Amino acid sequence: MRDVAVVGFAQRQMDVFPGSPTMVELLVPLFAECYEQTGWTRSDIDFWCSGSSDYLAGRSFSFVQAVDAIGALPPVNESHVEMDAAWALYEAWVKIQTGEVDTALVYGFGKSSAGLLRRVLALQLDPYTLTPLWPDTVSLAGLQARLGIEAGLWDEKAMAEVVARSLTDAEGREYPIRSGATTAAELLAAPLYADPLRKHDCAPVTDGAAAIVLAAGDKARDVCERPAWITGIAHNVDSLHLGGRELTTSASATRAAAAVGSLDGVEIAELHAPFSHQELILREALGLGADVRISPSGGALTGNPMFSAGLIRIGEAASSIIRGEAGRTLGHATSGPLLQQNLVTVMEA
Amino acid sequence: MTSPLTAPMRVSFDYTRSVGPVLSKFLTGLRDQRLIGGRLADGRVAVPPPEYDPQTHLALTEFVEVGQTGTVVTWSWVSEPVPGQPLDRPFAYALVLFDGSDTPMLHALDVPSADAVRTGMRVRVRWAEERSGVITDIACLEPADADADVAAQAPATGDGEAVTGIITPVDLHYTYAASSEESTFFRGLAEGRLIGQRCPTCHKVYVPPRGACPVDGVATIEDVELPHTGTVTTFCIVNVPFLGQRIDPPYVSAYVLLDGADIAIQHLILDIPADEVRMGMRVEAVWRPREEWGTTIENINGFRPTGEPDADFASFAQHL
C-alpha cells in the first residue's frame, strides 16, 4: 500500500449561499486556499474528484459546471460521486493506490437551501415503496430516535447532552452556523418539533463546500510539515429497506471500523451524525471509549452542508494532526437515510 | 456587489419504472387490497418483500399473504407535512408490523394528534378508493378499534393482470439563484445591454459571464460591454417537434459569436430562410419592444442578417 496523507483542507459553511447552486464562486476561493497551503498550482493536482447532487441544485450536470472552478484546459483527470465527498475522497485514495496518480484534490458542495431539503432527500429512498410516500428526513430520524428511547438504549437527556456539547464546542469557531454554550437542561425546555425530536436534535439546513488535498509519500512530506497519514479507510452499506435492518445500531459502521482495524489510541473522533441520537449509535457501533474526544469542531449538529459535511469531518480530524494537537484521529462520514452508509478513516501523524 | 437575482423554479417529471417479479407480487396485491410478503431464507416473512434475500442474496420465490391489521413499532409526529405526503394535515409516520409479518413497514398513520398514537397500538390499512398497484394504494393507516368490523375490509378478488410498472410523479420546488456574474448579465439585458466579463489571466471575454474562467480557474471580475452584432459560428436546423417547443419547425438555432467575445451564445436566426443560413454569416440582435424587457435573454427575439459580407472562417475558427 502507498502512504497517502491529507495535506490541505478548506471549508465554508453558511445558512444561505447567495449565489448559483453550481457554487463555482465558492469553490474558486476554496481551491485558492488549498493552493496556498500546499504551494501547488492546479497543474500539480493529478486527479480531481467531487461529491454533489443535482437534486439539491435543481439542475442537471451541476458538477460539470463546477469544473469551471478548476480551469480545465488542458483537460483534467476528473470524477464525481453523487454522495458525500468523503466517498470522493475514498475514490481518490484508491486512485492514488493504483499508482496512476500521486496527488488529488477532493471537493464537495451543495446548496441545501435552494429547495426543501428534508423533502428533496426522499429521492434517496427505495423508489418503489418509500419515495412515493415522501418520508422526510426529520420524520425518519424520529422513528429511529424513538426506537432507541423506548428500548432504553438512550433517552432525551442523553440526546440533549450531545447537542449541548456540540453547541458549546462550536462557540467562537469560524464555520458552524449554530453555536452557543448551553446545557442539556436548557435544551430540554424547548418544545418538541417532530416528536420525539426537538429542532436542536436535527442538523441545521446548511449550504457550503469543502476541499481536501491528498498526496502520496514524499509529495506529502514536501508540502506539509506534519501530514495526516491515512492508516485505514473503509466504507460499508446497510439495506435500503428500513424494515430490513436494525435501526438502533449501525452494522455498516461497525463493519467499516472492523475493516479499518484497531481504533485503539484514537484521541479525537469527528463523527458525522446529522441527528443527536445518531452520534450515540455511532459511538456504540464504533466502540469508542469515554476517553475519545467527540467532534470538537462542533459536528454536524452545528453545521451540516450536504455533500461536504462528511468530508469536513475528515478534514477536521486531519487538521488536528497537521496542527500538532493530536497523534491519532478518526474521521467518519455518513450518507443515505438513517446512517445507511458509513465511511471510517483513521489518520496518524 | 448587488444581490444575485433569484426566481422560483419548478422541476416536475415522472419516474416510470418496471418492477420485476417480486415487487410485482407485492404491488399487484395492493391493487387487489391484499398485503403480500415474501419468505426470507431464515423463515421470516418480510413486507414489503425485498427482491433478494438479505443474507443469501437469492431471489425471493415464496410469497405469503399477511394480515391488514398490525402493531406500531415506532412512530414520529409530522407537525409540518410537506407536499406529496399521504396526508396534508399533521399525522404520524409509523413502522408497523402487520400480523404475520416479521419486518416492519413504513406508512402514514391518520390520527388527530401525537397524543392519539403510541407504540404498540393496533392499526389497520385504509385502502385508497382507486388503486393501480402503487404503495399509495394504501391511503394511510388508521387506528384499529377493538370492535372493528373485520368483514368490512375483506379482500377484493384479484384476477386482473399483474402489475409490471409504476409511475412516480416528482415535483420539486426551488428558489433558483443566478451567480452574481450571471445577475450582472441579466440586469444588463433589462437595460438593453450585453455584458460579458474578461478573464484577468488569459483575457478571454465570456458572455454570459461564468464566475470563473474555465481555462484558468480564476474569478472573472472585469465587466465588458459588447456590441449587438456578431457572427454565426455554427448552427442547426430544427425539424423535430418536441414538448414545450415555442416556435414551429423548421427554424434555425445558432451559435452567435458577438464581436469582441470569445465564447458564442446560442440563439435563433430570424428573417432568413433556414436553407440560406451559413457559417460566417454576420447578424445583429433583434430586440423586443423596450416595454417588454425584463431580466431575461428573451428580450432578444433572435438575430437577423446585417447584410455585411460573411466573416472569414479564420476569424472564428478558434471559437467553434
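This write-up is about the structure you can find in this document. (Residues numbered from 1 in each chain as written. Chains lettered and ligands numbered in written order. Predicted model: local features only at pLDDT ≥ 70, side-chain atom pairs only at ≥ 80, totals over all residues. Heavy atoms only, no water.)

## A look at the overall build of chain B
- Looking only at helices and strands, one finds three helices and 18 strands in chain B.
- Taken over the C-alpha trace, chain B has a radius of gyration of 30 Å; the compact-globule value for 320 residues is 20 Å, which it surpasses by more than 25%.
- Once the C-alpha set of chain B is aligned to its principal axes, its extents read approximately 85 × 45 × 40 Å.
- By the burial criterion, 46% of the 320 residues in chain B qualify as buried.
- Long-range pairs, those at least 24 residues apart, make up 58% of the contacts in chain B between residues at least 6 apart in sequence.
- In chain B, the 24 positive side-chain charges and the 43 negative ones have mean positions that sit 2 Å from each other. (Helix = DSSP H or I, 4+ residues; strand = E, 2+ residues; numbered from the N terminus. Rg over C-alpha atoms; globule rule 2.2 N^0.38 Å. Buried < 20%, exposed > 50% of the residue type's maximum accessible area, 1.4 Å probe, protein only. Contact = heavy atoms within 4.5 Å. Lys, Arg positive; Asp, Glu negative; His and termini not counted. Charge placed at Lys NZ, Arg CZ, Asp CG, Glu CD.)

## A few points about the overall build of chain A
- Helix and strand counts for chain A stand at 12 helices and 13 strands.
- In terms of overall size, chain A behaves like a compact globule, its C-alpha atoms giving a radius of gyration of 19 Å where 349 residues would be expected to give roughly 20 Å.
- Each principal axis of the C-alpha atoms in chain A carries an extent, and together these give about 55 × 45 × 40 Å.
- A burial count over chain A gives 66% of its 349 residues as buried.

## Notes on the environment of A:Asp155
- Secondary-structure assignment places A:Asp155 in the loop between α6 (137-150) and α7 (156-170).
- Sequence separation between A:Asp155 and A:Phe307 is 152 residues, and the spatial gap between their C-alpha atoms is 29 Å.

## So, the packing of helix α10 (residues 251-260) of chain A against helix α11 (residues 276-286) of chain A
Residues and elements named next belong to chain A.
- Contact geometry of α10 with α11 gives a least axis separation of 8 Å together with a crossing angle of 40°. Classified by the angle their axes make, α10 and α11 are oblique. By crossing handedness, the relation of α10 to α11 is classed as right-handed. For the pair α10 and α11, the contacting residues are Ala253, Thr254 and Ala257 in the first and Leu282, Ala285 and Leu286 in the second.
- Of the residues belonging to the contact of α10 with α11, the class tally is five nonpolar, one polar and no charged. (Axes fitted to C-alpha atoms, helices over the stretch in contact; angles between N-to-C directions. Parallel < 35°, antiparallel > 145°, perpendicular 65-115°, else oblique. Left-handed = near helix turned anticlockwise from the far one by under 90°. Nonpolar A, V, L, I, M, F, W, Y, C, P; charged D, E, K, R; others polar.)

## A look at the interface of chain B and chain A
- Listed as interface residues are 62 residues of chain B and, on the opposing side, 51 residues of chain A.
- Summing the contributions of chain B and of chain A, the shared interface buries around 4,500 Å²; its carbon and sulfur component is 60%.
- It is B:Leu106, B:Tyr174 and B:Tyr176 that lose the most area in chain B upon contact with chain A, and together they represent 12% of the buried surface on that side.
- Viewed at the interface, chain A and chain B are joined by two salt bridges.
- The salt bridge partner of A:Arg42 is B:Asp216, with a shortest N-O separation of 3.8 Å. (Buried area = accessible area lost by both parts, 1.4 Å probe. Salt bridge = Lys/Arg side-chain N within 4 Å of Asp/Glu carboxyl O.)

## Some remarks on unusual backbone geometry
- With an omega of 20°, the peptide bond running from A:Asp195 to A:Pro196 counts as cis.
- Within the element layout of this structure, A:Pro196 appears in the loop between β5 (192-194) and β6 (197-198).
- The omega torsion across B:Val207 and B:Pro208 is -5°, close enough to zero to call that bond cis.
- Within the secondary structure layout, B:Pro208 lies in the loop between β12 (205-206) and β13 (222-226).
- Phi at A:Met23 takes a positive value of approximately 60°, unusual for a residue other than glycine.
- Examined against the element boundaries, A:Met23 turns out to sit in the loop between β1 (4-14) and α1 (24-38).
- Residues other than glycine seldom take positive phi values, yet A:Leu338 does so here, at roughly 50°.
- Here A:Leu338 shows up in the loop between β12 (328-335) and β13 (341-348).

## Re the state of the cysteines
- For the structure on display, the rule yields zero disulfides over all chains.
- For the unlinked cysteine A:Cys49, the closest cysteine sulfur is that of A:Cys34, found at 14 Å. (Disulfide = S-S within 2.5 Å.)

## A look at the pairing of strand β7 (residues 205-216) of chain A
Residue and element names in this part refer to chain A.
- For β7, the buried fraction is high: 11 of the 12 residues fall into the buried class.
- As defined by bridge partners, β1 adjoins β7 across 10 bridges and the pair is classed as antiparallel. From the neighbouring strand, arginine 12 faces β7, where its bridge partner is alanine 209.
- Here strand β4 (residues 103-111) pairs with β7 via nine bridges, running antiparallel. Bridging from a neighbouring strand, threonine 103 pairs with alanine 215 of β7.
- Where β7 meets strand β11 (residues 304-305), two bridges bridge the pair, whose relative direction is parallel. Across the sheet, the residue bridging to valine 205 is asparagine 304, located in β11. (Pairing = 2+ DSSP bridges.)

## Section: the pattern of salt bridges
- Applying the stated criterion across every chain, the model contains 39 salt bridges over all chains.
- One salt bridge connects B:Asp42 with B:Arg44, and the closest N-O pair in it is separated by 3.0 Å.
- Residue B:Arg126 is joined to B:Glu142 by a salt bridge in which the shortest nitrogen-to-oxygen separation is 2.6 Å. Of the two residues, B:Arg126 is situated in strand β8 (residues 122-127) and B:Glu142 in strand β9 (residues 138-143); the sequence distance between them amounts to 16 residues.
- Three or more residues are tied together by salt bridges with common partners; here these are A:Arg165, A:Asp169, A:Glu279, A:Arg283 and A:Arg293.

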